[in-house]
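As a plain string of letters, each chain reads:
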Amino acid sequence: MVELKKGKMNAVRWEGKPFSVSVREVDIPKIIDPLDAIVRITSAAICGSELHTYRGRLPTKHPMTFGHENMGIIEEVGEKVTTLNKGDRVLVGAGIGKITDFGVIGQGLPGEPISYGIGEIEPGALVLDGGQTQFMRVPFANANLLILPPGNEHELDYLLLADIWPTAWYALECAGQVPGDTIVVFGAGPVGLLCAYSAILRGAIKVYSVDEVPERLAKAKSIGAIPINFKDSDPVAQILKFEPNGVDRACDCVGFEAVDSNGKNVENIIITQAINVTRPSGGIGFIGAYFKVDNKPQKPDESTGILPFPMGEWWSKGQTIKGGFAMPRPFEELLKNLIERGKAKPSFVFTKEFKIEDAPQAYKEFEARKLIKAVFRFDTPKRGL
């Protein structure tokens, strides 16, 4: 059992130095608004989105506690929280909704909170401290906490409902997947693997998974996807050998930090490859991150998110493109039901567990792609014990 000093807890902190996190003692949060809840964290995952800040690419005010994939037990609720009680097991969704029954999601306006512990994905937007810590304050708790069955069953499956599984599912929604489609997923990190997994659940007849890391490609193959290593040769050419007319749908689960076969960051490479490999009238979903601000662009225009786009190829093919910041809440109940009915077990993406004290090593291994998905597990006592 982790010892707590009175009023203090440990937290994974971003302090502004690229490729570095620290474990610091900070104040245990308190209720500051009657719609708040305090959650005692039991599990918190590391997401690839945090790596944009960790690598110094995304401007972020600091210090900040990392973590937007969190779950735990409610420790305290504000007086206007009507749908939740102390002791409830809950999921903390990555997006922060406003005060409505189901959460009207914010649009990143200056001063408006949109997420936890991830960095300023919208310039000027307020990002609250995240949940890679022992206790977490959640605003508008009625809208932003999903009640889970008591106990610890499906802990790591449920945890993925906070962000990356709904995000992966949303990629397929953006691409317009229907049963019988052939699909290519760019990226076999945790989001890409869950996108490929979801595509199969949703009735795809063939799914290609594009990456360069052998362990990721092996994991993709284990779930029924066809691995494509872009270091071997052009991934578009590899896929078109099997699909001469192009695939029906493509999903970008990498974003602006994508690299070519030489390991060089080419921010628009997947945009171009997705258009080239998708058939005429096909659909493309972009949920890999593309930000308005980049601290380390490869070219000047890229510092503001302006990237070259193959307009002629896209226009001549008449493809549909949709994407953007995925909000998990609309998909949480659907995916939760798949877990509880034994139809899905998304936790296969987790490959290593850490204690919070080992956070610097966890981030180092995750950034170096020595693991697929990491999680912090907590045994924090209730406050005051």
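Residues numbered from 1 in each chain as written. Predicted model: local features only at pLDDT ≥ 70, side-chain atom pairs only at ≥ 80, totals over all residues. Heavy atoms only, no water.

1. Considerations on the sheet that holds strand β15 (residues 278–286)
By definition, the strands of a sheet pair up through backbone hydrogen bonds, in either a parallel or an antiparallel sense. Applicable threshold: Only when DSSP finds a minimum of two bridges between them are two strands counted as paired. Counting from the N terminus, the helices are the DSSP runs of H or I reaching at least four residues and the strands are the DSSP runs of E reaching at least two. For helices, the fitted line uses only the C-alpha atoms of the stretch in contact; every axis is such a line through C-alpha atoms, and the angle between N-to-C directions lies from 0 to 180 degrees.
Reading across from one edge, β13-β12-β11-β14-β15-β16 is the order of the 6 strands in this open sheet, with parallel pairing throughout. Since the sheet does not close on itself, it has two edges, and those belong to β13 (226–229) and β16 (320–323), each with one partner. Across the sheet, the axes of successive neighbouring strands diverge by a mean angle of 20°, strand direction being ignored. Of the strand pairs in this sheet, strand β11 (residues 182–186) and strand β14 (residues 247–252) are connected by 4 bridges, and their pairing is parallel.

2. As for the packing of helix α4 (residues 164–175) against helix α5 (residues 190–201)
The cut-off we apply is this: Oblique is the label for any angle not covered by the other classes, which are roughly parallel (under 35 degrees), roughly antiparallel (over 145) and roughly perpendicular (65 to 115). When the near helix sits turned anticlockwise from the far one by under a right angle, the crossing is termed left-handed; a clockwise turn instead gives a right-handed crossing. Here a residue-residue contact requires only that any non-hydrogen atoms of the pair lie within 4.5 Å.
Their axes nearest at 8 Å, the elements α4 and α5 cross at an angle of 55°. Taken together, the axes of α4 and α5 lie oblique to each other. Seen from above, α4 lies across α5 with right-handed handedness. Between α4 and α5, the residues in contact are I164, W165, T167, A168, W169, A171 and L172 and P190, V191, L194, C195, S198, A199 and L201, respectively.

3. A word on the sheet that holds strand β2 (residues 22–27)
Ordered in space as β2-β1-β4, the 3 strands form an open sheet in which the pairing is antiparallel. Edge positions in the open sheet fall to β2 and β4 (64–65), since each of these has one partner strand only. Inspection of the sheet shows strand β1 (residues 8–14) paired to β2 by 6 bridges, in the antiparallel sense. When the bridges of β2 are listed, A11 appears paired with R24.

4. Considering the confidence of the model for the protein chain
Worth spelling out the cut-off: As a per-residue quantity, pLDDT reports the predictor's confidence and falls between 0 and 100.
Overall, the predicted model of the protein chain reaches an average pLDDT of 90, with 91% of residues at or above 70. In this model, residues 99–111 is a region of pLDDT below 50 whose contacts with residues beyond four sequence positions or in other chains number 27 contacts.

5. A short note on the nonpolar core
This is how the line gets drawn: For the purposes of this section, nonpolar cores are sets of buried Ala, Val, Leu, Ile, Met, Phe, Trp, Tyr and Cys residues that join through side-chain atoms within 4.5 Å. Note on classification: 1.4 Å probe, protein chains only; a residue is buried when its accessible area is under 20% of the maximum for its type, exposed when over 50%, partly exposed between these limits.
Counting residues in each nonpolar core, the largest one holds 49 residues, and the members touching the most others are L161, W165, L194, C195 and F350. Every element with two or more residues in this core is listed here: β10 (145–148), α3 (155–159), α4, β11, α5 and α10 (329–340). Tallying contributions element by element places α4 first for this core, with 9 residues. V12, A37, L58 and F376 belong to the second-largest nonpolar core, a separate cluster that totals 41 residues.

6. A closer look at the pattern of salt bridges
The condition that has to hold: Should a side-chain nitrogen of Lys or Arg be within 4 Å of a carboxyl oxygen of Asp or Glu, the pair is scored as a salt bridge.
One pass over the full model with this rule turns up 24 salt bridges. Put simply, D181 and R249 hold a salt bridge, and the shortest N to O gap is 2.8 Å. Of this pair, D181 sits in the loop between α4 and β11 while R249 is found in strand β14, placing the two residues 68 residues apart along the sequence. A single burial state applies to D181 and to R249, both of which are buried. Measuring nitrogen to oxygen at the nearest pair gives 3.3 Å for the salt bridge that ties R216 to D211.

7. Focus on unusual backbone geometry
The phi dihedral of F140 is positive, around 45°, even though this residue is not glycine. Mapped onto the secondary structure, F140 falls in the loop between β9 (135–138) and α2 (141–144). Here F140 falls in the partly exposed class, since its relative accessible area comes to 24%. One non-glycine residue, S281, lies in positive phi territory at about 70°. As for its position among the elements, S281 is in strand β15.

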